[in-house]
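# Inside the fold
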Amino acid sequence: MSSALTDLFPHPIVQAPMAGGVSVPHLAAAVSEAGGLGFLAAGYKTADGMYQEIKQVRGLTSRPFGVNLFMPQAEYADPATVEVYAHQLAGEASWYETELGDPDSGRDDGYDAKLAVLLDNPVPVVSFHFGCPTRDVLDSFARVGTLTMITATTAEEALAVERAGAAAVVVQGVEAGGHQGTHRDNPETDGTGIGLLSLIAQVRETVRIPVVAAGGIMRGSQIAAALAAGADAAQLGTAFLATPESGAHAVHKQSLTNPLFVRTELTRAFSGRPARGLVNRFMREHGPYAPAAYPDVHHLTSPLRKAAARAGDAQGMALWAGQGHRMARELSAGQLVEVLLAELDAARTALSLPGGAGGTER
């Protein structure tokens, strides 16, 4: 990795920015304090709300951290399909005794206002999800000393990231929990995502910028595998979701290892964009009919998800999780970083020993 980025965090561990109240200041600060790179998730927050959280992190740690932004979404969803989906959700609204949200509540997530705040009050790293910013935007961040990273789910997207001038690319495998960061939401490609190790290799042969690997990583040995495949650091989300510093709902944390939830799937049921979560009743009943309409569907189902959370009903919540969710550990964020580093060192040692995975005895 370029010295500019490696100098920011001594250990190759990045805490994934998880929107919806999970990546709170205490989590980001704890990871950064432990030598990783903590992240705030600005998605679904106002520009001022984001700024207040940045101030909180600065009050908790003097170490570098990052802020993640959602890119504005093109208006290509068919309003008729959203209306039909709203009718299908009427029973959910009745069950949870709430109204459905307004699907026309905004498509840009306050993007321009957030850019202005981050350029006026620079943070060490800014990352982007759901698309690639313009070179002008990335150049503006470079001028104020902010390094930029952009999610890519294919080698082609990674090439676009490099050409735009980003400092690094976050390579997201299909195993990752939460929303896939595809640059364009194309329903025809649903179910065609690439596994992380294959994707790292493809991207490594396509671009020269640093690669941060994301997708299902829960153990230090998996970090070692990602680094051996060509990544410069690993980004973990679900692993940190279970920590006490995480802002995830208690039911969400418990569900990661609850025997009732045996698998994850990519679904459009909650937001209208493919996102991986624990398979529950809501996903089974509505996933097959959910339209490709983000953020319209996100706004539509928001009151339902909040009502389910208030009721402690895991079957109606968006339980975002990666494929490794059953490996979640109840450790503090700092302890988790320490354990991951010990596992990483052990894996590296095993790879270097004669007869280990890195070679054979002669």
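Residues numbered from 1 in each chain as written. Predicted model: local features only at pLDDT ≥ 70, side-chain atom pairs only at ≥ 80, totals over all residues. Heavy atoms only, no water.

## Digging into the overall build of the protein chain
Summing up its helical and strand segments, the protein chain has 15 helices and 11 strands in all. Structurally, the protein chain occupies a C-alpha span of about 65 × 45 × 40 Å along its principal axes. Taking all 362 residues of the protein chain together, 55% fall into the buried category. Taking contacts inside the protein chain between residues at least 6 apart in sequence as the whole, the part at least 24 apart equals 68%. (Helix = DSSP H or I, 4+ residues; strand = E, 2+ residues; numbered from the N terminus. Buried < 20%, exposed > 50% of the residue type's maximum accessible area, 1.4 Å probe, protein only. Contact = heavy atoms within 4.5 Å.)

## Points about helix α8 (residues 155-164)
Among the residues of α8, those classed as buried are Ala155, Glu157, Ala158, Val161 and Ala164. Summarising the contacts, the buried residues of α8 are in contact with α7 (135-143), β5 (147-152), β6 (168-172) and α9 (196-204). Among the residues trailing α8, glycine 165 stands out with phi positive, at a value near 100°.

## Structural notes on the packing of aromatic side chains
All chains considered together, the criterion is met by six aromatic pairs. Each residue in the set Tyr44, Phe70, Phe130 and Tyr294 is aromatic and connected to the rest through ring pairs, giving one cluster. (Phe/Tyr/Trp six-rings, centres within 6.5 Å; stacked < 30°, edge-to-face > 60°.)

## Digging into the nonpolar core
Counting 100 residues, the largest nonpolar core has Val67, Leu69, Phe128 and Phe240 as its most contacted members. When sequence neighbours within four positions are dropped, the list of residues in contact with valine 67 reads Phe39, Leu40, Ala42, Met50, Ile54, Leu118, Val123, Val125, Val126 and Ser127. Ranked by size, the runner-up nonpolar core spans 14 residues in total, among them Leu5, Val14, Phe39 and Val125. (Core = buried A, V, L, I, M, F, W, Y, C linked by side-chain atoms within 4.5 Å.)

## Description of unusual backbone geometry
Geometrically, the link from tyrosine 294 to proline 295 is a cis peptide bond, its omega value of 5° lying close to zero. Inspection of the secondary structure assignment puts proline 295 in the loop between α13 (281-286) and α14 (296-310). At glutamate 97, a position not held by glycine, the phi torsion is positive, near 55°. Here glutamate 97 is to be found in the loop between α5 (90-95) and α6 (111-120).

## Re the environment of glycine 165
Residue placement: glycine 165 occurs in the loop between α8 and β6. Once the C-alpha coordinates of glycine 165 and isoleucine 209 are considered, the two residues, 44 residues apart in sequence, prove to be 9.4 Å apart.

## What about the pairing of β5?
Burial of β5 is extensive: six of the six residues sit out of reach of the surface. Neither face of β5 is exposed, since Leu147, Met149 and Thr151 on one face and Thr148, Ile150 and Ala152 on the opposite face are all buried. Bridge count for strand β4 (residues 125-129) against β5 is four bridges, and the pairing is parallel. If you follow valine 125 over to β5, its bridge partner there is leucine 147. (Pairing = 2+ DSSP bridges.)

## Digging into the environment of phenylalanine 270
Here phenylalanine 270 lies in the loop between β10 (264-267) and β11 (275-278). Note on phenylalanine 270: relative accessible area 1%, which makes it buried. Apart from the residues within four sequence positions on either side, phenylalanine 270 is in contact with Asn280, Phe282, Met283, Val297, His298, Thr301, Arg305, Gly316, Met317, Ala318 and Trp320.

## With respect to α9
The α-helix advances 3.6 residues per turn, and as a result positions three or four apart in sequence lie on the same side. Among the residues making up α9, those that are buried are Leu196, Leu199, Ile200 and Val203. Along α9, the residues classed as buried sweep out an arc of 105° about the axis, all on the same side. (Arc of directions from axis to C-beta.)

## Quick word on the sheet that holds β6
With parallel pairing, the eight strands of this open sheet are ordered in space as β1-β9-β8-β6-β5-β4-β3-β2. At either end of the open sheet lies a strand with only one pairing partner, and these are β1 (13-15) and β2 (38-41). Ignoring strand direction, the axes of neighbouring strands in this sheet form an average angle of 25°. (Axes fitted to C-alpha atoms, helices over the stretch in contact; angles between N-to-C directions.)

## A word on the pattern of salt bridges
This structure, assessed with the given rule, holds 11 salt bridges. The closest approach of N and O atoms between lysine 45 and glutamate 53, which form a salt bridge, is 3.9 Å. Taking the relative accessible area as the measure of exposure, glutamate 53 reaches 13% and is therefore buried. The partner of arginine 204 in a salt bridge is aspartate 232, and the shortest N-O contact between them spans 3.3 Å. With arginine 204 in helix α9 and aspartate 232 in the loop between α10 (220-229) and β9 (233-236), the pair connects residues that are 28 residues apart, well separated along the chain. Judged by its relative accessible area of 26%, arginine 204 falls in the partly exposed class. The structure contains a network of salt bridges with shared partners spanning Glu92, Arg281 and Glu285. (Salt bridge = Lys/Arg side-chain N within 4 Å of Asp/Glu carboxyl O.)

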